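What follows is the residue order along each chain.
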Amino acid sequence: MKNVLIVGGAGYVGGAITDLIQQSNYNVRVYDALLYEDSFRKPVDFIYGDVRDHEKLIPHLKWADAVVWLAAIVGDGACQLNPELTKSINQDSVAWLADNYDGRIVFMSTCSVYGAQNSELNETSSTNPLSIYAETKLNAEKFLKHKNAIIFRLGTLFGVGDLYSRIRLDLVVNILTVRAFVEGQISVFGGDQFRPLLHVKDVARAVLMNLETEHKGVYNLARQNVRIMDLAYQVRMHFPDMVIEHTDMPFQDTRNYRVSAKKAEEVFGFKSIHSVDEGIEELKFLVETKRIKDLKSPRYSNQAYLKEHYEELINKFKEVEAA
Ligand SMILES: NC(=O)c1ccc[n+]([C@@H]2O[C@H](COP(=O)([O-])OP(=O)(O)OC[C@H]3O[C@@H](n4cnc5c(N)ncnc54)[C@H](O)[C@@H]3O)[C@@H](O)[C@H]2O)c1
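Residues numbered from 1 in each chain as written. Predicted model: local features only at pLDDT ≥ 70, side-chain atom pairs only at ≥ 80, totals over all residues.

### Digging into the site of the ligand
Consideration 1: Near the ligand, the surroundings consist of 28 residues, among which Gly8, Gly11, Val13, Ala33 and Leu157 are the closest.
Consideration 2: Secondary structure elements with two or more residues in the shell around the ligand: helix H1 (12-23), strand S5 (104-110) and strand S8 (156-158).
Consideration 3: In terms of residue count, the dominant contributor to the shell around the ligand is H1 (3 residues).
Consideration 4: Here the shell around the ligand is built from residues that sort into 17 nonpolar, 6 polar and 5 charged. (Near = placed C-beta within 6 Å. Helix = DSSP H or I, 4+ residues; strand = E, 2+ residues; numbered from the N terminus. Nonpolar A, V, L, I, M, F, W, Y, C, P; charged D, E, K, R; others polar.)

Here's what the structure looks like:
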């Protein structure tokens, strides 16, 4: 195997995956519609395209021995902005992929498919998607059931994946670290909700480990399950003067789940190597050294950015549909 196509590779997760796969001597090509970027400057083969532009995508699929499929509208709020568009990108494009590609597929799903449940969940546990995001991801998984595909249900990611790509500040560890720096205070609503956390670079390691294996089906990927309240205290260890404000009022996001990542460990020896403290330090470095000019810019939140560029986005997608 030589050629790896990373679809949606210009995003937060794609940045880490692209670098690691390229360093591992595969030929890498990124295919992305640059929803959040003005440019793609990595020294990597790049195709500007929409996943729904099948004519454009087909020659690149023909080239690829493996496809890493990341392209999606990501996050509950971002997906809710236009459910129809979300469905066409997150779900229908994966159905099309299943019908039109027989090579190796590495697909990113999410632990959000578990919704709110009290016990520790494994890959056989029931699912309970609470958002359009989770629902479309779960449906996409089903299309890949009989393919040579490995599906990773990722926990909530954190940390810095590479030197170029947009950092996402709409992910809980990253948000809390930035708030601790900017406001000196973190407000925690409820705080009893659990989230499985994982460093974005650990995702890249799991992908690399499985480009050429025959493992198929669903695997949870997470480092540890953390209560949001405990995470706030962990962030405070890095900002000792920070105040934690706790209110009993529950947060509108009702997701609450703990997952087991034992299957990935047992089947292909996956163990995360990047800690939550490491991620907090990476974010702390970015903000303390003023490498992000405007921390409040919508650019760092999928939902805020898409909301602001909604018209532009819809027009772009209409163009693709019409072509
Ligand atoms: N970041 C997380 O915490 C997390 C957690 C669970 C699962 N995931 C999954 O990982 C994958 C990557 O997430 P991310 O955090 O990098 O998100 P992201 O929003 O940073 O990246 C998504 C990329 O897909 C591209 N894209 C979107 N629609 C496209 C289209 N129609 N055609 C071509 N490209 C398109 C975007 O331009 C962007 O570069 C997603 O599939 C997501 O569901 C992420």
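### A few points about helix H6 (residues 172-183)
Since the α-helix packs 3.6 residues into each turn, any two residues three or four apart lie on the same face.
Consideration 1: With 12 residues, H6 extends 16 Å from end C-alpha to end C-alpha; this agrees with the ideal 16 Å at 1.5 Å per step.
Consideration 2: If you check which residues of H6 are buried, you get Val173, Asn174, Leu176, Thr177, Val178 and Ala180.
Consideration 3: Lining the buried residues of H6 we find S8, strand S9 (185-189), strand S10 (194-199), helix H8 (228-236) and helix H10 (276-288).
Consideration 4: In the stretch just after H6, glycine 184 is the one whose phi turns positive, near 65 degrees. (Expected span 1.5 Å × (residues − 1). Buried ≥ 20, exposed ≤ 12 C-beta atoms within 10 Å, placed from the backbone. Contact = placed C-beta atoms within 7 Å.)

### Here's the deal with the sheet that holds S10
Consideration 1: As summarised here, the arrangement of the 3 strands in space is S8-S10-S12, forming an open sheet in which the pairing is mixed. The open sheet is flanked by S8 and strand S12 (224-227), the only strands paired with a single partner. Adjacent strand axes in the sheet meet at a mean angle of 45 degrees, parallel and antiparallel pairs treated alike.
Consideration 2: Pairing geometry for S10 and S12, over 4 bridges, is antiparallel. Looking at S12, one finds that phenylalanine 194 is bridged to arginine 227.
Consideration 3: Strands in contact with H8 are S10 and S12; relative to S12, the strand with the most contacts, it is inclined by about 90 degrees. (Pairing = 2+ DSSP bridges. Axes fitted to C-alpha atoms, helices over the stretch in contact; angles between N-to-C directions.)

### A closer look at the nonpolar core
Consideration 1: In this structure, Val7, Val68, Trp69, Val203 and Leu221 are the most contacted members of the largest nonpolar core, which totals 90 residues.
Consideration 2: Among all residues touching leucine 221, those that are not within four sequence positions of it are Phe152, Arg153, Leu154, Gly155, Leu198, Val203, Ala206, Ala261 and Ala264. (Core = buried A, V, L, I, M, F, W, Y, C linked by C-beta atoms within 7 Å.)

### A few points about the sheet that holds strand S1 (residues 3-7)
Consideration 1: As summarised here, the arrangement of the 7 strands in space is S3-S2-S1-S4-S5-S7-S11, forming an open sheet in which the pairing is parallel. Where the open sheet ends on each side, the last strands, each with one partner, are strand S3 (45-48) and strand S11 (217-221). Direction aside, neighbouring strands of the sheet carry axes that sit 20 degrees apart on average.
Consideration 2: Pairing of strand S2 (residues 27-32) with S3 involves 4 bridges; the strand directions are parallel. Paired with valine 30 across the two strands is phenylalanine 46, which belongs to S3.
Consideration 3: Helix-sheet contacts for H1 involve S1, S2, strand S4 (66-69) and S5, and the interaxial angle to S2 is about 160 degrees.

### Let's talk about the environment of leucine 81
Consideration 1: Tracing the sequence through the fold places leucine 81 in the loop between helix H3 (76-80) and helix H4 (83-100).
Consideration 2: Its 18 C-beta neighbours within 10 Å are what place leucine 81 among the partly exposed residues.
Consideration 3: Measuring from C-alpha to C-alpha, the distance between leucine 81 and leucine 306 comes to 8.0 Å, with 225 residues separating the pair along the chain.
Consideration 4: Beyond its immediate chain neighbours, meaning those up to four positions away, leucine 81 contacts Gln303, Leu306, Lys307 and Tyr310.

### Some details on H1
Consideration 1: Among the 12 residues of H1, 9 are classified as buried, and the element is accordingly described as predominantly covered.
Consideration 2: Those residues of H1 hidden inside the fold are in contact with S1, S2, S4, S5, S8 and helix H7 (200-209).
Consideration 3: Positive phi shows up at asparagine 25, right after H1, with a value of about 70 degrees.

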